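Listed below, chain by chain, are the residues.
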Amino acid sequence: GEDVEQSLFLSVREGDSSVINCTYTDSSSTYLYWYKQEPGAGLQLLTYIFSNMDMKQDQRLTVLLNKKDKHLSLRIADTQTGDSAIYFCAESMGGNSGGYQKVTFGTGTKLQVIP
Amino acid sequence: GAVVSQHPSRVICKSGTSVKIECRSLDFQATTMFWYRQFPKQSLMLMATSNEGSKATYEQGVEKDKFLINHASLTLSTLTVTSAHPEDSSFYICSARTGFEQYFGPGTRLTVT
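Values in this document were obtained by computation on a predicted structure and should not be read as measured data. (Residues numbered from 1 in each chain as written. Chains lettered and ligands numbered in written order. Predicted model: local features only at pLDDT ≥ 70, side-chain atom pairs only at ≥ 80, totals over all residues. Heavy atoms only, no water.)

Draft legend 1. Region of the structure containing the sheet that holds strand β8 (residues 76-81) of chain B. Residues and elements named next belong to chain B. Read across the sheet, four strands follow the order β1-β3-β8-β7 without closing on themselves; strand pairing throughout is antiparallel. Since the sheet does not close on itself, it has two edges, and those belong to β1 (4-7) and β7 (67-73), each with one partner. Between one strand axis and the next, the sheet turns through 15° on average, direction left out of account. Here six bridges tie strand β3 (residues 19-25) to β8, and the two strands are oriented antiparallel to one another. Its bridge partner being in β8, E22 is matched across the sheet by T78. (Pairing = 2+ DSSP bridges. Helix = DSSP H or I, 4+ residues; strand = E, 2+ residues; numbered from the N terminus. Axes fitted to C-alpha atoms, helices over the stretch in contact; angles between N-to-C directions.)

What follows is the structure in structure tokens.
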């Protein structure tokens, strides 16, 4: 079955880089996502990567995918206090004939940015 | 990016009553919408997948007669919690898919007293 795991908590100083890690078990994952959730709010899609890619960079965000080890990471450069939130990784597998792809979420990593 | 709205954002109801939550994709059409439930400090739990014009597909352990889902149009899905009980109190989040991107609503905090 699908299983996505993350460390629960990460604390960094403002201006430093943050690296949030995620491991997954299903090798048939097609897309991998990173979402941000601020307190009391829904999830905001930050970025995603196709399973045939190793890296994707988008401004301060860098996603690295090691498909062999089933390891995904999100690096936030120059972390700001506004980056404090819970970050969820998620994987999506191939869909059925209707095109539905079930997304499985990780446990979430709470990022605390210290001024 | 695509915008998904939910209404209401917060609702308090008495035990035994029913509550309807609306989910709308504002600037795109979504053939598939998802309903999630999130307990405090936990990840999202997929409750059901809603396809426009057809019956919803419920995840194992989710009572379809208790959580009624209707996907009447390409931009609207509703979740009705029937005969709500205090254990139904939770944060309900809808999501809509466009292509391979999935966007989430802001969530609805349901409190059953």
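Draft legend 2. View of the nonpolar core. Counting residues in each nonpolar core, the largest one holds 42 residues, and the members touching the most others are Y35 and F105 of chain A together with Y36 of chain B. It is strand β9 (residues 90-98) of chain B that contributes the most residues to this core, five residues altogether. Residues within four places of Y36 of chain B in sequence aside, it is in contact with V103 and F105 of chain A together with L44, M45, L46, M47, F91, Y92, I93, S95, Q102 and F104 of chain B. Counting 20 residues, the second-largest nonpolar core is a separate cluster that includes V12, I76, A85 and C89 of chain A. (Core = buried A, V, L, I, M, F, W, Y, C linked by side-chain atoms within 4.5 Å. Buried < 20%, exposed > 50% of the residue type's maximum accessible area, 1.4 Å probe, protein only. Contact = heavy atoms within 4.5 Å.)

Draft legend 3. The arrangement of the sheet that holds strand β8 (residues 71-76) of chain A in detail. All names here are of chain A. Here we have five strands laid out as an open sheet, ordered β1-β3-β8-β7-β6, and antiparallel in their pairing. Of all the strands in the sheet, just β1 (4-6) and β6 (55-58) have a single pairing partner and so form its edges. Ignoring which end each strand starts from, the neighbouring axes of this sheet average 15° apart.

Draft legend 4. Layout of the pairing of strand β5 (residues 43-50) of chain A. Residue and element names in this part refer to chain A. Judged by how many residues are buried, β5 sits mostly within the fold: six of eight residues are covered. Pairing of strand β4 (residues 29-37) with β5, which is carried by seven bridges, proceeds in the antiparallel orientation. Its bridge partner lying in β5, Y35 is registered against L45. Two successive antiparallel strands, β4 and β5, enclose a turn made up of five residues, where G40 displays a positive phi of approximately 70°.

Draft legend 5. How the structure looks around the confidence of the model for chain A. Residue and element names in this part refer to chain A. Chain-level pLDDT for chain A is 88 on average; 91% of the residues reach the 70-or-more range. Mean pLDDT values over the elements of chain A span from 85, in strand β10 (residues 103-105), up to 97, in strand β2 (residues 9-13). Every residue in residues 95-99 scores below 50 in pLDDT, and together they form two contacts with partners more than four places removed in sequence or on other chains. (pLDDT = per-residue confidence, 0-100.)

Draft legend 6. Geometry of the pattern of salt bridges. All names here are of chain B. The full count for this structure, using the stated rule, is five salt bridges over all chains. Note that E22 is salt-bridged to R24, the shortest N-O span being 3.5 Å. On the basis of relative accessible area, E22 is assigned to the partly exposed category, the value being 25%. The class for R24 is partly exposed, based on a relative accessible area of 34%. With its nearest N and O atoms 2.9 Å apart, the salt bridge here joins K66 to D88. In this pair, K66 sits in the loop between β6 (57-58) and β7 while D88 sits in the loop between β8 and β9, placing the two residues 22 residues apart along the sequence. Accessibility expressed as a relative area gives 12% for K66, which makes it buried. Exposure remark for D88: the relative accessible area of 5% places this residue in the buried category. (Salt bridge = Lys/Arg side-chain N within 4 Å of Asp/Glu carboxyl O.)

Draft legend 7. Region of interest: the environment of A2 of chain B. All names here are of chain B. With respect to the helices and strands, the residue A2 is situated in the segment before β1. Distance in space between the C-alpha atoms of A2 and L26 is 7.5 Å, their sequence separation being 24 residues. Discounting residues that sit within four places of it in the chain, A2 has contacts with D27, F28 and Y103.

Draft legend 8. Molecular detail of the environment of L110 of chain B. Residue and element names in this part refer to chain B. In this structure, L110 sits in strand β11 (residues 108-112). With relative accessibility at 1%, the residue L110 sits in the buried group. Linking L110 and V19, residues 91 residues apart in sequence, is a C-alpha distance of 8.7 Å. When neighbours within four sequence positions are excluded, L110 is seen to be in contact with V11, C13, V19, V81, D88, S89, S90 and Y92.

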